[in-house]
Amino acid sequence: HPMQKTATGWNINIRLSPGRYLYKFIVDGRWIHDPNNQLKEDDGEAGHNSILYCYNHVFRLPGYPNAKKVFVTGSFNDWKKKELQMQHVGGEWELPVYLEEGTHAYKFIVDGTWLNDPENKIVRSDAFGNLNSFMGIGDTLVFRLKGYTSAKTVVLSGSFNGWSTNELVMNKTADGWELPYVLAGGNYEYKYIVDGKWMPDPDKPVTTATGEFINSSVTIKPNYTCV
């Protein structure tokens, strides 16, 4: 990508899809990271690569005009408290980010106080009993369990949420239970927990493992087919 010389330096316009990108400049054969970008990581060669994010989501928190610092944190950044600081813009706090496809738990931290997203009605308990806001990017898969209408509680648990036993409580329907959930492309294992009893999906013939540890298996956006 040859850059064009301008009165103040060099530039180039490149159309990028949402994502995370590493880059460098090559100045007369010498590789350098971007001196105007503080986001960087080791390149494995005693130097650094600059990091560029093309955003696909904006976190917004209305109100709190007198707050000094507001952060957003969640499963997408290992719940780091002071990594993603939001900016006060037009009467609300906001931060554009890039998130991978899938379901993400998150919270806001306003001057040290943790709180859920008041604009998001999807709130679930995690494995430690904390209530978190949830959002998803990508295609939605609806998990369905037919029957068991007399059960009091049915929970979905799998490799996609660390096999949590209380996070994904399913909704009761006229003929069973269901729960919409957003997953990125990949292979996943899961089970249902019906009133405390674990069981594979009776309507999914694809399973993994053996004996009492049989799990149901689902593939999202397959990219290879064996013939």
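This text goes with the structure placed above it.
Reading the values: the criteria
Residues numbered from 1 in each chain as written. Predicted model: local features only at pLDDT ≥ 70, side-chain atom pairs only at ≥ 80, totals over all residues. Heavy atoms only, no water. Helix = DSSP H or I, 4+ residues; strand = E, 2+ residues; numbered from the N terminus. Rg over C-alpha atoms; globule rule 2.2 N^0.38 Å. Buried < 20%, exposed > 50% of the residue type's maximum accessible area, 1.4 Å probe, protein only. Lys, Arg positive; Asp, Glu negative; His and termini not counted. Charge placed at Lys NZ, Arg CZ, Asp CG, Glu CD. Pairing = 2+ DSSP bridges. Axes fitted to C-alpha atoms, helices over the stretch in contact; angles between N-to-C directions. Salt bridge = Lys/Arg side-chain N within 4 Å of Asp/Glu carboxyl O.

It is worth spelling out the overall build of the chain at this point. Along its length, the chain carries zero helices and 24 strands. Here the chain has a C-alpha radius of gyration of 23 Å; the compact-globule value for 227 residues is 17 Å, and the former is much larger. Oriented by its inertia axes, the alpha-carbon framework of the chain measures out at about 75 × 60 × 30 Å. Going through the 227 residues of the chain one by one, you find that 33% of them count as buried. Side chains of the chain carry 23 positive and 25 negative charges; the gap between the two charge centres is 3 Å.

One open sheet holds the three strands; their spatial order is S16-S20-S19, and the pairing between them is antiparallel. The open sheet has two free edges, formed respectively by strand S16 (140-146) and strand S19 (171-172), since each of these has just one partner strand. Strand direction decides the pairing type here: S16 and strand S20 (residues 176-182), joined by seven bridges, are antiparallel. Each bridged residue has a counterpart across the sheet, and for Lys-146 the counterpart in S20 is Gly-176.

Located in the positive-phi region is Tyr-148, a residue other than glycine, with phi close to 55 degrees. Within the fold, Tyr-148 resides in the loop between S16 and strand S17 (154-158). Unusually for a residue other than glycine, Asp-195 sits at a positive phi of about 50 degrees. Along the chain, Asp-195 turns up in the loop between strand S21 (186-194) and strand S22 (197-199). Judged by relative accessible area, which is 45%, Asp-195 ranks as partly exposed.

Another point: the sheet that holds strand S6 (residues 40-42). Hydrogen bonding along the main chain pairs the strands of a sheet, whether they run parallel or antiparallel. With respect to topology, three strands assemble into an open sheet ordered S3-S7-S6, the strand pairing being antiparallel. Strands with a single pairing partner mark the edges of an open sheet, and in this sheet they are strand S3 (19-23) and S6. Pairs of neighbouring strands in the sheet enclose a mean axial angle of 35 degrees, with direction left out of account. Where S3 and strand S7 (residues 48-54) come together, five bridges link them in antiparallel fashion. Among the inter-strand pairings, Tyr-23 is bridged to a residue of S7, identified as Ser-50.

Considering all chains together, one arrives at eight salt bridges under this definition. Salt-bridge contacts for Glu-83 lead to Lys-80; the nearest nitrogen and oxygen are separated by 3.8 Å. Among the salt bridges present, the one from Glu-101 reaches Lys-221, with a minimum N-O distance of 2.8 Å. Note that Glu-101 is positioned in the loop between strand S11 (92-97) and strand S12 (102-110) and Lys-221 in the segment after strand S24 (215-220), a separation of 120 residues in sequence. Given a relative accessible area of 41%, Lys-221 falls into the partly exposed group. Here the salt bridges do not stand alone but share partners, grouping Arg-60, Glu-92 and Glu-94 into one network.

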